[in-house]
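Commentary on secondary and tertiary structure
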Amino acid sequence: MPAYEFPGGIYPPERKIHSNQAPLQAAPLPTLVTLPLKQHAGNAATPCVAVGDDVKVGSLIAQRNGMISAHLHASISGTITHISNQAITIEADGRDSWQTLPPLDWRTDSPEKLLERLDSGGLAGLGGAGFPTYIKAQVAEHHPIDTLVVNAAECEPYITADDLILRSYPNDILEGAQLIARLCGAPRIIIGIEDNKPEAISALEHALSKIQHPATIVLKVIETRYPSGGERQLIKKVLDRDVPSGGLPADIGALCHNPGTLLAALHAVRDGKPLVERVVTLTGETISAPGNYWVRLGTPVGTLLDSVGLMPDQLHQVIVGGPMMGTPLTTLSSPVIKTTNCLIAASITELPPAPMESPCIRCGACERVCPAQLLPQQLHWYARAENDSTLAKLNLFDCIECGACSYVCPSFIPLVKDYRSAKQRIRLKQIETAKSEHAKHRFEFRQARLAREEAEKQARRQARLAQHQKPAGGGTGNHATPEVDLRSLRIAQAAAKAAVKKAEKVLARAAEQDPKQRFDDLETQLATAQENLKAADARLANARASTTQKETP
Amino acid sequence: MSMMHASQVGTAPSTAHLMRWVIAATLPGIGAMTFYFGLGVISNVLLAGLFALSAEALILTLRQRPVRPALGDSSALLTGVLLGVCLPPASPWWLIAVGAFAAIVVAKQLYGGLGHNPFNPAMVGYALLLVSFPTYMTLWSPPQPFIAETLFNETLWAQIIGTLPPAKLDALSGATPLDAFKHKGQAVLASEFWASQPLPEGTLSAWRNVALAWLAGGLVLIVKRIISWHIPVAMLGSMTLIAALFYAGDPSHFASPLFHLLTGATLFGAFFIATDPVSAATSKRAKLIYGAGIGILVIIIRTLGGYPDAVAFAVLLMNLCVPLLDIYTVPRPNGHSRAANKSMPEGPL
């Protein structure tokens, strides 16, 4: 048992018993799904189908747009009926026919192939932020990773999705972990799990005793305390390492994945199944059959809840995610997406609205529970005063928005809401200042594109010339071609390659630090670097062609 | 937006709940004081509470703020109670009213109401009365278990008519232990002073028992996690230390640490006044410094200054330092290599 501790934390009533009794089962197939193009961090995917197209389960319907994005696949077989800027709608044909990718073997196939599969399978983290899984592996490329941390803590009240998949697929999750460990080169896997999941723990122990595992796998059972499932908190708990502020777990040699993602990764690799379904905890007092269900992405929340016995007259609100960090749904027609881990259909007595806010009396209860060791009450004052420089000094952006402070606040101040809007305001400000920068980068991109087109045109002309001159046995063309320095072109190409790599790295890093942001500017810079690389490639090819041409006669 | 709230599960108390707990925790102290100083203590507390609530209602009406929720949070009542126990038994009603007015209207509401006052309201009221009406504020009768009952009719009458006949003044006034010790004169040795029995029989033990009653209430607050231990421990610790230094230097002139701890407003102040969350420092380190500062000031003022007791002034002086303390004690968040105030963090800003 680890003796490490993260500061603060709370013990909210768990209410997991509602949903962890029934076995994992499949929700009924929906007759219609709405698949939002943005179910992940980064840019929305771009549709690659048309209205009227017939698709199978697993057919690619939208391609990722830019590096921080993920592919989207049909989750039912049927016909595309509607495509908007936000979502693609599919009507089911009831056959549920699948279109899978060729199976791979994570032990023997090359890492590139596996990474490509994670990309083409549309994998995104199933925990909360929905970070594209292949990017995480890419972030790991630049840092030696010594430990893959499996985040099985699941500390939010109500949610039992990870618990149930750990009980149902312990072997697959361990395999998925080893797959990811292989990709990031981690020699060690630590599974961090709260002690309120005895059945999952024994299932894992049993699976561990039976399988052979190349990477060392350690099961660490930690005390139940919210928010031990926060990435930073869990890493502190199982590894006693502090993730640097503004940094990533990769900076201290760790990578964090949740069990659902690992399972999905294995399914994508071993079975060739793109990410088209996930386990969702359906719970709350207004549901007669609470439990955990395999749900196709895009299933409307309303039909899903009806299928498990929703009592609409008692329903007060539906919350997506846990009660601590989740958000209330405004409409039941919203679909289940890749990051929907839990739906709580709560009655008004179950999760009543917050009492009226009263003034902060600086009692310090929030400070005692803050797992990031911030001063929530000071942040509260300065957030309301919109004093952004002081907010920066008080490290507003270190807040993980766990809600422990709001939970204990005797004045019922919606602290996290304040912080979120303050962060939003500061981001908007930054975006304003970044806009001019972005315009400059867009101009640079245009220049690079023109240069690339010019270089390619020249290369084509050179190729044509070469073809024309060959029969003539020419030699005159050589004089027209300026003397080229192959070496400097090669250097330029290498530099362009490095620039692309760097831009990718910067983007991946920025995106993982803050998955909720948009990264147009960085994507533009990456695109510019890519254009430059293409131009350099073309120039080099051009030069090579002319050199060989010169040498031919 | 977090959806789970304290109220529905009953783990975290509301502000009103906290205030009522503090009021409840004053009961042992009030009980002990009543035992030694008579029912005038209770009438003080009731009157002060009443005046405080009235002042709060009045000023909120003038400020056009909702009155009911503010009265309902019991913070004004608590201020009144705390002020009431500081006053000599059966103080004239206008004295209490002036104190309550200063506490609620000036110290609290003119600064923006609950949560915004930089100074402890009860101590502002008390300090104002102390400097403005020193005669009335030193009318502590010698503690006499229950015989104060006979005195009560007279004192209650005095409380109602708001003034005292000069003849009664002598009967009522008696030095508190701190007062007596303060005015023993520099020439007299402490041992001689005590040997001369400067106080009526039982005075010292009465004040000690009252102090212990406040300690009991304070411990309840700590156990119930209404207040944290940092401020009382730091304050009592630094008082003990500084008093011990004086005492070790010249035991014939300076009082022992135990004397300082068990007389005057020490324990009451440590648990009920210094810990007022609104006007105290916030982070743990800041609380330790804040508490220690109060303790040091109390001993210095009591020993070298012009007032026998100094808790009110020490608290108010340290209230002044709170904003600075809060700025310079920002804790180092996880993942930061140095304290945040020393270096601007890297990151989004």
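Before reading further, recall that the structure is shown in the block above.
Residues numbered from 1 in each chain as written. Chains lettered and ligands numbered in written order. Predicted model: local features only at pLDDT ≥ 70, side-chain atom pairs only at ≥ 80, totals over all residues. Heavy atoms only, no water.

**Overview of the overall build of chain A**
Keep this limit in mind: The way it works is that DSSP assigns letters per residue, a run of H or I at least four long becomes a helix, a run of E at least two long becomes a strand, and they are numbered from the N terminus. For the radius of gyration, the atoms used are the C-alpha atoms, and the globule rule reads 2.2 Å times the number of residues raised to 0.38. Only protein chains enter the area calculation, which uses a 1.4 Å probe; residues under 20% of their type maximum are buried, those over 50% are exposed, and those in between are partly exposed. In what follows, a contact means two residues having at least one pair of non-hydrogen atoms within 4.5 Å. Reported accessibility uses the Shrake-Rupley method at a 1.4 Å probe radius. Residues are deemed covered only where the shown protein chains occlude them.
When helices and strands are tallied, chain A shows 16 helices and 17 strands. Against the compact-globule benchmark of 24 Å for 553 residues, chain A has a radius of gyration of 26 Å, which places it among compact chains. With the principal axes as the frame, chain A shows a C-alpha extent of 90 × 60 × 45 Å. The buried share among the 553 residues of chain A stands at 56%. Long-range contacts, defined here as pairs at least 24 residues apart, represent 75% of the contacts in chain A between residues at least 6 apart. Surface summary for chain A: the accessible area is close to 22,700 Å², and the carbon and sulfur share equals 54%.

**Some words on the sheet that holds strand β4 (residues 54-55) of chain A**
Residue and element names in this part refer to chain A. This is how it is decided: Paired strands, as defined in this entry, are two strands with at least two bridges between them according to DSSP.
Sheet architecture is open: four strands sit in the order β2-β8-β7-β4, paired in antiparallel fashion. At either end of the open sheet lies a strand with only one pairing partner, and these are β2 (32-36) and β4. Two strands pair when backbone bridges link them, and strand β7 (residues 78-83) and strand β8 (residues 87-92) are joined in this way by five bridges, in the antiparallel orientation. Note on β8: the bridge partner recorded for I80 is I90.

**Thoughts on the nonpolar core**
Here is the rule we go by: In plain words, nonpolar cores are sets of buried Ala, Val, Leu, Ile, Met, Phe, Trp, Tyr and Cys residues tied together by side-chain atoms within 4.5 Å.
M123(B), W214(B), F268(B), F272(B), Y290(B) and I294(B) are the most contacted members of the largest nonpolar core, which has 97 residues in total. For I294(B), the contacting residues outside a window of four places in its chain are M235(B), A274(B), A314(B), V315(B) and M318(B). Formed by 91 residues, the second largest nonpolar core is a distinct cluster that contains I90(A), L183(A), I189(A) and I217(A).

**Some thoughts on the sheet that holds strand β11 (residues 216-222) of chain A**
All names here are of chain A. For clarity, the threshold we go by: Each axis is a line fitted through C-alpha atoms, taken for helices only over the stretch in contact, and angles between the N-to-C directions span 0 to 180 degrees.
With parallel pairing, the four strands of this open sheet are ordered in space as β11-β10-β9-β12. Strands with a single pairing partner mark the edges of an open sheet, and in this sheet they are β11 and β12 (254-257). Pairwise comparison of adjacent strand axes, ignoring direction, gives a mean angle of 25° for this sheet. Direction of pairing for strand β10 (residues 188-194) relative to β11: parallel, over a ladder of seven bridges. When the sheet's bridge partners are listed, E194 is paired in β11 with I222.

**Examining the environment of A87(A)**
Residue and element names in this part refer to chain A. With respect to the helices and strands, the residue A87 is situated in strand β8. Judged by relative accessible area, A87 falls into the buried class, the value being 11%. Taking the C-alpha atoms as reference, A87 lies 9.5 Å from A45; in sequence the two are 42 residues apart. Beyond its immediate chain neighbours, meaning those up to four positions away, A87 contacts T34, L35, P36, L37 and H82.

**A closer look at the pattern of salt bridges**
Residue and element names in this part refer to chain A. We count it as follows: For this document, the term salt bridge refers to a Lys or Arg side-chain nitrogen within 4 Å of an Asp or Glu carboxyl oxygen.
Under the counting rule described, the total for this entry stands at 33 salt bridges over all chains. Put simply, R241 and D146 hold a salt bridge, and the shortest N to O gap is 3.2 Å. Of this pair, R241 sits in the loop between α6 (231-239) and β12 while D146 sits in the loop between α2 (133-141) and β9 (147-152); the two residues are 95 residues apart in sequence, bridging distant segments of the chain. Take D146: its relative accessible area is 28%, and that puts it in the partly exposed class. We note a salt bridge from E432 to K435, for which the minimum N-O separation is 3.5 Å. Residue E432 and its partner K435 are both found in helix α13 (residues 415-472); the two are separated by three residues, about one turn of the helix. Salt bridges sharing common partners tie together E5, E223, R225 and K237.

**Focus: the packing of aromatic side chains**
Put simply, the rule reads: Stacked, tilted and edge-to-face are the three classes assigned to paired rings of Phe, Tyr and Trp, where Trp is represented by its six-membered ring and a pair needs centres within 6.5 Å; plane angles under 30 degrees give stacked, over 60 edge-to-face, the rest tilted. Definition used: whenever NZ (Lys) or CZ (Arg) falls within 6 Å of the ring centre and also within 35 degrees of the ring normal, the charge is taken to sit over that ring.
Taken as a whole and assessed by the stated rule, the structure comprises 13 aromatic pairs over all chains. Ring geometry for F35(B) versus Y36(B): centroids 4.9 Å apart, planes at 90°, classification edge-to-face. Using a relative accessible area of 12% as the deciding quantity, one classes Y36(B) as buried. With centroids separated by 6.0 Å and ring planes inclined at 15°, the aromatic side chains of F268(B) and F272(B) adopt a geometry described as stacked. Here F268(B) pairs with F272(B), and both are found in helix α17 (residues 266-273), just four residues apart, close to one helical turn. Overall, the relative accessible area of 6% leaves F268(B) in the buried class. On the basis of relative accessibility, which here comes to 3%, the residue F272(B) falls in the buried class. Three or more aromatic residues joined by ring pairs make a cluster, and in this case those are F37(B), W140(B) and W207(B). The side chain of R225(A) reaches across the aromatic face of F6(A), ending 4.2 Å from its centre.

**Section: the interface of chain A and chain B**
Our working rule: Buried area is calculated as the accessible area (1.4 Å probe) missing from two parts once they are joined, with the contributions of both summed. Here a polar contact means two N or O atoms within 3.5 Å. Within protein one must be a hydrogen donor candidate and the other an acceptor candidate, and residues neighboring in sequence count only if both atoms are side-chain atoms.
Contact residues are listed per partner, giving 55 residues for chain A and 44 residues for chain B. Roughly 4,300 Å² of surface becomes buried between chain A and chain B when both sides are summed, with 59% attributable to carbon and sulfur atoms. Ranking the residues of chain A by area buried against chain B places I361(A), R362(A) and Y407(A) at the top, with a combined share of 16%. One salt bridge connects R362(A) with D326(B), and the closest N-O pair in it is separated by 3.5 Å. Taken together, chain A and chain B are joined by nine residue pairs in polar contact (both at pLDDT 80 or more).

**A closer look at the environment of C48(A)**
Residue and element names in this part refer to chain A. Within the fold, C48 resides in the loop between β3 (46-47) and β4. Put simply, C48 and L72 are 24 residues apart on the chain and 9.7 Å apart in space, counted from C-alpha to C-alpha. If we skip the residues at most four places from it in the chain, C48 touches L60, I61, A62 and Q63.

**Quick word on helix α4 (residues 40-62) of chain B**
In an α-helix there are 3.6 residues to a turn, and that puts residues three or four apart on one side. Residue and element names in this part refer to chain B. As a reminder of what qualifies: Helix span is expected to be 1.5 Å times the residue number reduced by one.
When the terminal C-alpha atoms of α4 are compared, their 32 Å separation across 23 residues agrees well with the 33 Å that a helix rising 1.5 Å per residue should span. Along α4, the positions that sit buried rather than exposed are G40, V41, S43, N44, V45, A48, G49, A52, A55, E56, I59 and L60. Of the residues flanking the end of α4, it is Q64, one or two places downstream, whose phi is positive at about 55°.

**Describing the packing of helix α18 (residues 284-304) of chain B against helix α19 (residues 311-328) of chain B**
Any two packed helices are characterised by how steeply their axes cross, that is the angle between the axes, and by the distance between the axes. Residue and element names in this part refer to chain B. Cut-off, in case you're wondering: The cut-offs work like this: below 35 degrees is roughly parallel, past 145 is roughly antiparallel, 65 to 115 is roughly perpendicular, and the gaps in between are oblique. Crossing handedness: left-handed means the near helix sits turned counterclockwise from the far one by under a right angle, and right-handed means the same turn made clockwise. Residues are grouped as follows: Ala, Val, Leu, Ile, Met, Phe, Trp, Tyr, Cys and Pro are nonpolar; Asp, Glu, Lys and Arg are charged; every other residue, Gly included, is polar.
One can describe the packing of α18 onto α19 by two numbers: an axis separation of 9 Å at closest approach and a directional angle of 150°. Judged on the interaxial angle alone, α19 and α18 are roughly antiparallel. The interaxial crossing formed by α18 with α19 has right-handed handedness. Contacts between α18 and α19 involve R285, A286, I289, Y290, G293, I294, L297, V298, I301 and R302 from the first element and V311, F313, A314, V315, L317, M318, N319, V322, L325, D326 and Y328 from the second. Split into classes, the residues belonging to the contact of α18 with α19 amount to 16 nonpolar, two polar and three charged.

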